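So you can see what is in the structure, the chains are spelled out below.
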Amino acid sequence: MALLERNEWYDIARNTNWTPTHVTEAELFPDVMTGAKGVPVEKWEVYDEPYKTSYPEYVRIQREKDAGAYSVKAALERSRMFEDADPGWVSILKAHYGAIALGEYAAMSAEARMARFGRAPGMRNMATFGMLDENRHAQLQLYFPHEHCSKDRQFDWAHKAYHSNEWGAIAARHTFDDLFMARSATDIAVMLTFAFETGFTNMQFLGLAADAAEAGDFTFASLISSIQTDESRHAQIGGPALQVMIANGRKEEAQKLVDVGIARAWRLFSLLTGTSMDYATPLEHRKQSFKEFMLEWIVGQFERTLIDLGLDLPWYWNQMIAEFDYQHHAYQMGIWFWRPTLWWNPAAGMTPDCRDWLEEKYPGWNDSFGKVWDVIIDNLLAGRHELTLPETLPMICNMSQLPICAVPGNGWNVKDYPLDYQGRTYHFNSEIDRWVFQQDPARYRDHMSLVDRFLAGQIQPPNLMGALQYMNLAPGEIGDDAHKYAWAEAYRNNPYQKKAA
Amino acid sequence: MAAFPMISNFQYDFLLQLVAVDTENTMDEVAAAAAYHSVGRRVAPQPGKVVRVRRQGDTEFFPRHAKLGETGIKPMETVEFIFTEA
Ligand SMILES: [Fe+2]
Ligand SMILES: [Fe+2]
């Protein structure tokens, strides 16, 4: 029997809208779940997904991808990657798996919501495959690190992180709950697939795959590339949804979702990818600075995508670009100084050559962030290890759930952005974080940051040990310097001299 | 006597920190409590200088011997700690 070509049957087969008779349309597709914003269903039916596939095609291709990924995994069991790789690279892997693996399961739930409540049949169809994709991503990124658990229990955090109260895990949960767990189908299409995936995860995965290949970790490179091929397909769910909203007079609502989505993604991204690229990646493997990368992908490419869709740049665009110069440097200092509170061992990335590189990429770095590292290096060399560790909590932003931090040294610009709301004072890292809160205070007001919990007496005993217990960090898991401070020896009797420009 | 949490924004440091003080503390004592978590850890000491205390955004410092309870500073307010000539 001759089979029809896909394009001869696709449109009619995936048009699964019908007229319900046992329940009302509003009961079948409640606004709170669809997020249709009052745009009637027939307007949504013009939604045209740019990437079309059928279930048999999907299964055949995914089967091949999985066969490839699992054969690489078999090679991993025999490789000495774990023993031979730079500890900074191993730290990137641990941070990545803990922060991402279970987030993929969360993304699966979000795709499922679009598959059920998407107002456009095309969206529901794409999201069904997206749901299967995200399940695959979670399982792959749990299975690969599992190989290393017997050698290093920090790898166990690939699964454990999201079940803990570790601060980075709280930040990731808060962000992902906001962007896609506690959102309607339409909002998920915009915030998860458009803002987060098109804007940021594309780059996180492309950048990481390139870095992994550079570092000689072909297992991780092929795992990440395999995942990325799924992402680049289902990330296209959001674009046509934005087109429908804009064509039907809902640009303002669409713009707000995009602006909140990018603001939140940017914070998490600068913490994870910013510190990985500019500090944890061994110097000889760095191709671009994080800032160069952001300027190329976010300013060069994503900006074009926004304009082409008929959206405006977010109001805070210039402020965000200004942050490319400092925010991730501040987060790096935070994760290194509060290293016992991590599930990975942060690399300082602080050899004299690293500092020359930072100065070249970020002129003025040595006079600002470098001043702080000078004090830390002096303490390490003088054996005052206790002064390189914290004895209190950083103030945490009530939006990002990350430390409120900025530029130290010359150029000191650290500031609180407080907001009084219904008798409680909230503290934010920037105008941008405070603005996000103000868009929907009822959504955010009841959340307690780690510091709020500490002050409410939930962390006992109220000291670093109590905090580590609260964060579920067991001995053998808590972070320490990735290179066991060996890098500091380069400065013994040889203080850092800034290279002449 | 009452335990008093405040937010320290210490000049030249890179972040805000939680600092525990007491309503009976003078501004010099509050400054010392904040310095404990910044100076010598991430901020180089400045011998001969005095660390003065002011509200975020203010230019005027509180008198060095003023007691915290008398200043009107609220719990969990962000306070700036600035190096000045003695
Ligand atoms: Fe994914
Ligand atoms: Fe995805």
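Just so it is clear, the structure is predicted and the values come from calculations on it, not from any experiment. (Residues numbered from 1 in each chain as written. Chains lettered and ligands numbered in written order. Predicted model: local features only at pLDDT ≥ 70, side-chain atom pairs only at ≥ 80, totals over all residues. Heavy atoms only, no water.)

Another point: the pairing of strand 4 (residues 78-85) of chain B. Residues and elements named next belong to chain B. Judged by how many residues are buried, strand 4 sits mostly within the fold: 7 of 8 residues are covered. As judged from the 4 bridges shared by strand 1 (residues 3-10) and strand 4, these two strands associate in the parallel manner. Within the sheet, the bridge partner assigned to Ile-7 lies in strand 4 and is Thr-78. Sheet topology places strand 3 (residues 49-55) next to strand 4; 7 bridges connect them, and they run antiparallel. Bridged to Arg-54 within strand 4 is Glu-80. (Buried < 20%, exposed > 50% of the residue type's maximum accessible area, 1.4 Å probe, protein only. Helix = DSSP H or I, 4+ residues; strand = E, 2+ residues; numbered from the N terminus. Pairing = 2+ DSSP bridges.)

Turning to a nonpolar patch on the surface, a few remarks are in order. Together, Leu-4, Trp-9 and Ile-12 of chain A make up a nonpolar patch on the protein surface, roughly 330 Å² of accessible area in all. Here Trp-9 of chain A shows up in helix 1 (residues 6-14). (Patch = residues over 30% accessible without salt bridge, like charges linked within 9 Å, V, L, I, M, F, W, Y side chains within 5 Å. Areas by Shrake-Rupley, 256 points an atom, 1.4 Å probe, with all protein chains shown as cover. Salt bridge = Lys/Arg side-chain N within 4 Å of Asp/Glu carboxyl O.)

To continue, consider the coordination of the iron ion (ligand 1). All names here are of chain A. At 2.0 to 2.3 Å from the iron ion (ligand 1) lie its protein donor atoms, namely Glu-104 (OE), Glu-134 (OE), His-137 (ND1) and Glu-231 (OE). Classification of the site at the iron ion (ligand 1) rests on its 4 donor atoms, whose angles at the metal span 84 to 163°, yielding the label irregular. When the donor residues of the iron ion (ligand 1) are listed from N- to C-terminus, their spacing reads E-x29-E-x2-H-x93-E. Here the iron ion (ligand 1) and the iron ion (ligand 2) are spaced 3.2 Å apart, with Glu-134 acting as a shared donor. In this pair, Glu-104 is assigned in helix 7 (residues 87-117) and His-137 in helix 8 (residues 121-146), connecting sequence segments 33 residues apart. Overall, the relative accessible area of 6% leaves Glu-104 in the buried class. (Donors = N, O, S within 2.8 Å, 3.2 Å for Na, K, Ca; no water. Tetrahedral: all angles 85-135°; square planar, octahedral: opposite > 155°, others 65-115°.)

For the rest of this paragraph, the subject is the packing of helix 17 (residues 327-337) of chain A against helix 19 (residues 369-381) of chain A. A packed helix pair is summarised by two numbers, namely the angle formed by the two axes and the spacing between the axes. Residues and elements named next belong to chain A. Put simply, helix 17 and helix 19 touch, their axes get as near as 11 Å, and they point 20° apart. By the angle between their axes, helix 17 is roughly parallel relative to helix 19. Relative to helix 19, helix 17 is oriented so that their crossing is left-handed. Contact residues: helix 17 offers His-329, Ala-330, Gln-332, Met-333, Trp-336 and Phe-337, while helix 19 offers Phe-369, Val-372, Trp-373, Ile-376 and Leu-380. By residue class, the composition of the contact of helix 17 with helix 19 is 9 nonpolar, 2 polar and no charged. (Axes fitted to C-alpha atoms, helices over the stretch in contact; angles between N-to-C directions. Parallel < 35°, antiparallel > 145°, perpendicular 65-115°, else oblique. Left-handed = near helix turned anticlockwise from the far one by under 90°. Contact = heavy atoms within 4.5 Å. Nonpolar A, V, L, I, M, F, W, Y, C, P; charged D, E, K, R; others polar.)

Another aspect to go through is the pairing of strand 2 (residues 424-428) of chain A. Both faces of the sheet carry side chains from a regular strand, because those side chains alternate between them. Bridge analysis of strand 1 (residues 417-421) of chain A against strand 2 of chain A gives 5 bridges, and the strand direction is antiparallel. Bridge pairing in strand 2 of chain A links Tyr-417 of chain A to Phe-428 of chain A.

Coordination sphere of the iron ion (ligand 2), protein contribution only: Glu-134 of chain A (OE), Glu-197 of chain A (OE), Glu-231 of chain A (OE), Glu-231 of chain A (OE) and His-234 of chain A (NE2), at 2.0 to 2.5 Å. Sequence spacing of the donor residues for the iron ion (ligand 2), all on one chain, is E-x62-E-x33-E-x2-H.

Chain A puts 34 residues into the contact, and the matching count from chain B is 23 residues. Summing the contributions of chain A and of chain B, the shared interface buries around 2,300 Å²; its carbon and sulfur component is 65%. At the boundary of chain A with chain B, the tally comes to 1 salt bridge. Among the salt bridges present, the one from Glu-391 of chain A reaches Arg-41 of chain B, with a minimum N-O distance of 2.7 Å. Summed over the shared surface of chain A and chain B, the result is 16 residue pairs in polar contact (both at pLDDT 80 or more). If one sorts the elements of the side of chain A that touches chain B by residue count, helix 19 of chain A sits on top with 5 residues. (Buried area = accessible area lost by both parts, 1.4 Å probe. Polar contact = N/O pair within 3.5 Å; in protein donor to acceptor, adjacent residues only side chain to side chain.)

With that settled, the discussion passes to the environment of Ile-298 of chain A. Residue and element names in this part refer to chain A. Tracing the sequence through the fold places Ile-298 in helix 15 (residues 290-309). When the C-alpha positions of Ile-298 and Ile-321 are compared, they lie 9.3 Å apart, and in sequence the two are 23 residues distant. Apart from the residues within four sequence positions on either side, Ile-298 is in contact with Gly-199, Phe-200, Met-203, Phe-293, Glu-303, Trp-317 and Met-320.

All names here are of chain A. Omega for the peptide link from Gln-460 to Pro-461 comes to -15°, which places this bond in the cis form. Checked against the element boundaries, Pro-461 lands in the loop between helix 22 (450-455) and helix 23 (464-470). Phi is positive for Lys-37, close to 60°, though the residue is something other than glycine. Considering the arrangement of structural elements, one finds Lys-37 in the loop between helix 3 (31-34) and helix 4 (41-44). Residue class for Lys-37 comes out partly exposed when judged on its relative accessible area of 24%.

Residue and element names in this part refer to chain A. Inspection of helix 20 (residues 431-439) places Ile-432, Asp-433, Arg-434, Trp-435, Val-436 and Phe-437 among the buried residues, and these make up the whole buried set. Looking at the packing, one finds that the buried side of helix 20 touches helix 14 (251-280), helix 16 (317-323), strand 1, strand 2 and helix 21 (441-444). Taking the backbone nitrogen of Ile-432 as reference, a side-chain oxygen 3.1 Å away marks Ser-430 as the first, capping residue of helix 20.

This part takes up the nonpolar core. Nonpolar side chains tend toward joint burial in soluble globular proteins. One finds Ile-262 and Trp-487 of chain A to be the most contacted residues of the largest nonpolar core, which totals 163 residues. Looking at this core element by element, the count peaks at 16 residues for helix 7 of chain A. Ignoring anything within four residues of it in the chain, the contact list for Trp-487 of chain A reads Trp-336, Ala-348, Met-350, Thr-351, Trp-373, Ile-377, Leu-380 and Asp-481 of chain A. Residues Phe-4, Phe-10, Val-51 and Phe-62 of chain B belong to the second largest nonpolar core, which totals 20 residues. (Core = buried A, V, L, I, M, F, W, Y, C linked by side-chain atoms within 4.5 Å.)

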